[in-house]
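Residues per chain are reported as follows:
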Amino acid sequence: MGVWPKSTIHPDVLKTYKRRWVFDLDNTLVYTHTAVIQAYKAAGVIMPPEAWGRPWREWTTQDVHDRKCKLYPHILKRYAWTDELFLHAMSMYAPVITGASEAAVIALRELFGELNVQLMEATRLDKVNWLNEHPVGIYVDDDEGTRALVKEGTSWEVMTPAQALQQLSSQPEKTSG
């Protein structure tokens, strides 16, 4: 089951947007694919492709994960990056739900700034359950399998990061007043 971080939520910020947006973290708001692979490689493990998008507990050991987490902040500085979608999410103080561990979220926050992370170490099903407990909006995730599960298991609209960036960049999202 996903872990709820201790975080200040500013619900008034969300009222300034026409629709509620919720984002995945890795490879949606912050491009971490290479950083994650390199951190596990430095920890002595080749990350299997099917592990991507799943919480670490589903495919590796605590010891391996701990080694990866010690190396991750340094490796993030070299390999991780953001784009305009990250800036949109930050300006909305949009909720983020992720399979990333608490240690990974902390490292990402230290490098890129405060993120409104509402759910960590989440499985695909944890994400569906979280979304079903919140007002319907748009969910953005890079993982095709997660998008399919969210589409079939919720009333949320789902988008790829590219689709979300196009929509957020092409039309004003803020309401007047």
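Thresholds, definitions, all that
- Residues numbered from 1 in each chain as written.
- Predicted model: local features only at pLDDT ≥ 70, side-chain atom pairs only at ≥ 80, totals over all residues.
- Heavy atoms only, no water.
- Helix = DSSP H or I, 4+ residues; strand = E, 2+ residues; numbered from the N terminus.
- Buried < 20%, exposed > 50% of the residue type's maximum accessible area, 1.4 Å probe, protein only.
- Contact = heavy atoms within 4.5 Å.
- Areas by Shrake-Rupley, 256 points an atom, 1.4 Å probe, with all protein chains shown as cover.
- Axes fitted to C-alpha atoms, helices over the stretch in contact; angles between N-to-C directions.
- Left-handed = near helix turned anticlockwise from the far one by under 90°.
- Nonpolar A, V, L, I, M, F, W, Y, C, P; charged D, E, K, R; others polar.
- 1 Å grid on protein atoms, 1.4 Å probe; cavity = no way out; pocket = protein on both sides within 12 Å on 5 of 7 lines; lining within 4 Å.
- Points joined across faces, edges and corners; volume = space filled by probe spheres on them.
- Arc of directions from axis to C-beta.
- pLDDT = per-residue confidence, 0-100.
- Phe/Tyr/Trp six-rings, centres within 6.5 Å; stacked < 30°, edge-to-face > 60°.

*Asks:* Outline the overall build of the chain, supporting the account with residue identities and numerical values.
*Replies:* Tallying secondary structure elements over the chain gives eight helices and seven strands in all. Counting across all 177 residues of the chain, residues that qualify as buried make up 49%. Put simply, 68% of the contacts in the chain that link residues at least 6 apart link residues at least 24 apart. Here the chain has roughly 9100 Å² of accessible surface; of this, 53% comes from carbon and sulfur atoms.

*Asks:* Please give an account of the packing of helix α4 (residues 84–92) against helix α8 (residues 161–170) that cites residues and values.
*Replies:* For any two helices packed against each other, one specifies the crossing angle of their axes together with the interaxial distance. Where α4 contacts α8, the two axes come as close as 9 Å, and the packing angle between them is 65°. Crossing of α4 against α8: the hand is left-handed. Packed against α4, whose contacting residues are E84, L85, H88 and M92, the element α8 presents P161, A164, L165, L168 and S169 at the interface. Across the contact of α4 with α8, the residue classes break down as six nonpolar, two polar and one charged.

*Asks:* Describe empty space enclosed by the protein, with residues and values.
*Replies:* If a probe as big as a water molecule is rolled over the atoms, it shows which places are left empty. Taken as a whole and judged by the stated rule, the model has two cavities of 30 Å³ or more. When its volume is computed, the largest cavity comes out at roughly 290 Å³. Lining the largest cavity are 25 residues, with D26, G53, R54, G99 and A100 sitting closest to its centre. Listed by contribution, the elements that provide at least two residues to the lining of the largest cavity are α2 (33–42) and α3 (62–79). Residue contributions to the lining of the largest cavity peak at three residues, all from α3. Quantified by volume, the second largest cavity comes out at close to 40 Å³. Along the walls of the second largest cavity sit L29, A89, M90, Y93, A94, V96, L115 and N116, which together make up its complete lining. Broken down by class, the residue content of the lining of the second largest cavity amounts to seven nonpolar, one polar and no charged.

*Asks:* Let's hear about α8: which residues, and what values?
*Replies:* Along α8, the positions that sit buried rather than exposed are P161, A164, Q167 and L168. For α8, the angular spread of the buried residues around the axis is 130°, confining them to a single face. With respect to the buried face of α8, the exposed residues turned more than 90 degrees away are A162, Q166 and S170. Buried residues along α8 sit against β1 (21–23), β2 (30–31), α4, β6 (138–140) and β7 (157–159).

*Asks:* Run through the confidence of the model for the chain, naming residues and quoting values.
*Replies:* Detailed reading of the predicted coordinates is not advisable wherever pLDDT is low. On average, residues of the chain score 87 in pLDDT, and 86% of them are at 70 or above. Predicted confidence in the chain is weakest over helix α1 (residues 11–14), with a mean pLDDT of 41, and strongest over β6, with 98. Note on residues 1–16: pLDDT under 50 across the span, and 42 contacts to partners over four residues away in sequence or across chains. Under a pLDDT of 50 for its full length, residues 173–177 has, in the predicted model, 13 contacts with residues more than four places off or in other chains.

*Asks:* Tell me about the packing of aromatic side chains, and name the residues and values.
*Replies:* Enumeration according to the criterion identifies four aromatic pairs in this entry. Judged by centre distance (6.0 Å) and plane angle (10°), the rings of W21 and F23 are stacked. Here W21 matches F23 in class, with each residue buried. A ring pair is formed by Y40 and W59, whose centres lie 4.8 Å apart and whose planes are at 65°; its orientation type is edge-to-face. Of the two residues, Y40 is situated in helix α2 and W59 in the loop between α2 and α3; the sequence distance between them amounts to 19 residues.

*Asks:* Before we move on, could you go through α2 and cite the residues and values that matter?
*Replies:* Those residues of α2 that fall on the buried side of the exposure criterion are A35, V36, A39 and Y40. Viewed along the axis of α2, the buried residues span an arc of 125°, placing them on a single side of the element. Buried positions along α2 lie against α3. Positioned one or two residues after α2, G44 has a phi angle of 95°, which is positive.

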